[in-house]
Amino acid sequence: DNPPIVFLHGFPESHRTWRHQLAALSDQYYCIAPDQRGYRGSSKPSAVSAYSTDKLTADIFALADAFGIEQFTIAGHDWGGAVAWSVALNGQPGGFRPQWAGRVTRAMIANAPHPCIYQRVLINDPTQRASAQYIRMFRDTAIDSVMATRGLFPVLQKAMNWTKPPAMEQEVYDDLRAGWQQPDTAFGMINWYRASQMVVPAIGEVCPVPDWAAAD
């Protein structure tokens, strides 16, 4: 009977991102935190095209349908925040599918700017462009042989110098590492970046803002 919230995790995480929020909110809200497509316990299609934003968005409405939920709040962090933007915008009149209109009542988004704004600053702001160069590495198929044999962790170390944050519990860290070692999971997570229409120019590259991100 409680109002539902759907929580969407980011990269390279899982539903466990929200473990503290679920514990704090579950007495007042119907909390749903899936592993998104390509992650952990969810389906992991191999084709890059299976991870386009329209499919990631449709997944969430299909999930709500499976639970018999008509209206819901969407919450997202990082890549989950990017999907949350799409779910929220498409959950209003005039969205991608008419049957979704009016279904999203609120959105809570962390570490994920509006996609049009993010695309503009990726091109026009040198600092933001520099910080996003790891995406170009993720899109380079030269890393595929590493992921096929060793999973995602070596790629994270090279692209981001990733190490365990001090606040992360060892149990959570070990759980993440175990999941990253699975090649199908590694490719599933990386395919989010490869399917995205976001343009990430090289340092110094002259690049116009795409039409989809240039409008008001």
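Structural data are supplied above this passage.
What you are looking at is a predicted structure, and each value in this text was computed from that prediction instead of being measured. (Residues numbered from 1 in each chain as written. Predicted model: local features only at pLDDT ≥ 70, side-chain atom pairs only at ≥ 80, totals over all residues. Heavy atoms only, no water.)

Student: Mind showing me how you'd approach the pattern of salt bridges here?
Tutor: Where side chains of opposite charge bring their charged atoms close, a pairing between them can arise. Under the counting rule described, the total for this entry stands at 9 salt bridges. Its salt-bridge partner being arginine 37, residue aspartate 59 comes within 2.7 Å of it at the nearest N-O pair. Separated by 22 residues along the polypeptide, aspartate 59 in helix H2 (residues 53–66) and arginine 37 in the loop between strand S2 (30–32) and H2 bring together distant segments of the chain. Judged by its relative accessible area of 19%, arginine 37 falls in the buried class. As a salt-bridge pair, arginine 40 and aspartate 175 come within 2.3 Å of each other at their nearest N and O atoms. Taken together, the residues span a long stretch of sequence, with arginine 40 in the loop between S2 and H2 and aspartate 175 in helix H9 (residues 170–180) at a distance of 135 residues. Relative accessible area serves as the criterion here: at 34%, arginine 40 is assigned to the partly exposed category. A network of salt bridges, in which partner residues are shared, links Arg16, Asp35, Arg40, Glu171 and Asp175. (Salt bridge = Lys/Arg side-chain N within 4 Å of Asp/Glu carboxyl O. Helix = DSSP H or I, 4+ residues; strand = E, 2+ residues; numbered from the N terminus. Buried < 20%, exposed > 50% of the residue type's maximum accessible area, 1.4 Å probe, protein only.)

Student: Would you explain the sheet that holds strand S3 (residues 72–77) in this entry?
Tutor: Paired through their backbone hydrogen bonds, the strands of a sheet run either parallel or antiparallel. Strand order across the open sheet formed by 4 strands is S2-S1-S3-S4, with parallel pairing between neighbours. With partners counted over all chains shown, the strands left at the sheet margins are S2 and strand S4 (104–110), one partner each. Geometrically, the sheet is characterised by an average inter-axis angle of 20° between neighbouring strands, direction not taken into account. Pairing analysis gives 6 bridges linking S3 to S4, with the strands arranged parallel. Within S4, the position partnered with alanine 75 by the bridge is methionine 108. Contacts between H2 and the sheet are confined to strand S1 (4–8), S2, S3 and S4, with S3 contributing the most and set at about 135° to the helix. Against the sheet, helix H3 (residues 79–90) makes contact with S1, S3 and S4, and its axis sits at roughly 150° relative to S3, the strand it touches most. (Pairing = 2+ DSSP bridges. Axes fitted to C-alpha atoms, helices over the stretch in contact; angles between N-to-C directions. Contact = heavy atoms within 4.5 Å.)

Student: Would you explain the environment of methionine 168 in this entry?
Tutor: Relative to the elements of secondary structure, methionine 168 occurs in the loop between helix H8 (153–160) and H9. Judged by relative accessible area, methionine 168 falls into the buried class, the value being 18%. Counting along the chain gives 136 residues from methionine 168 to isoleucine 32, while the straight-line C-alpha distance between them is 22 Å. Those residues in contact with methionine 168 that sit more than four places away from it in its chain are Trp162, Tyr173 and Leu176.

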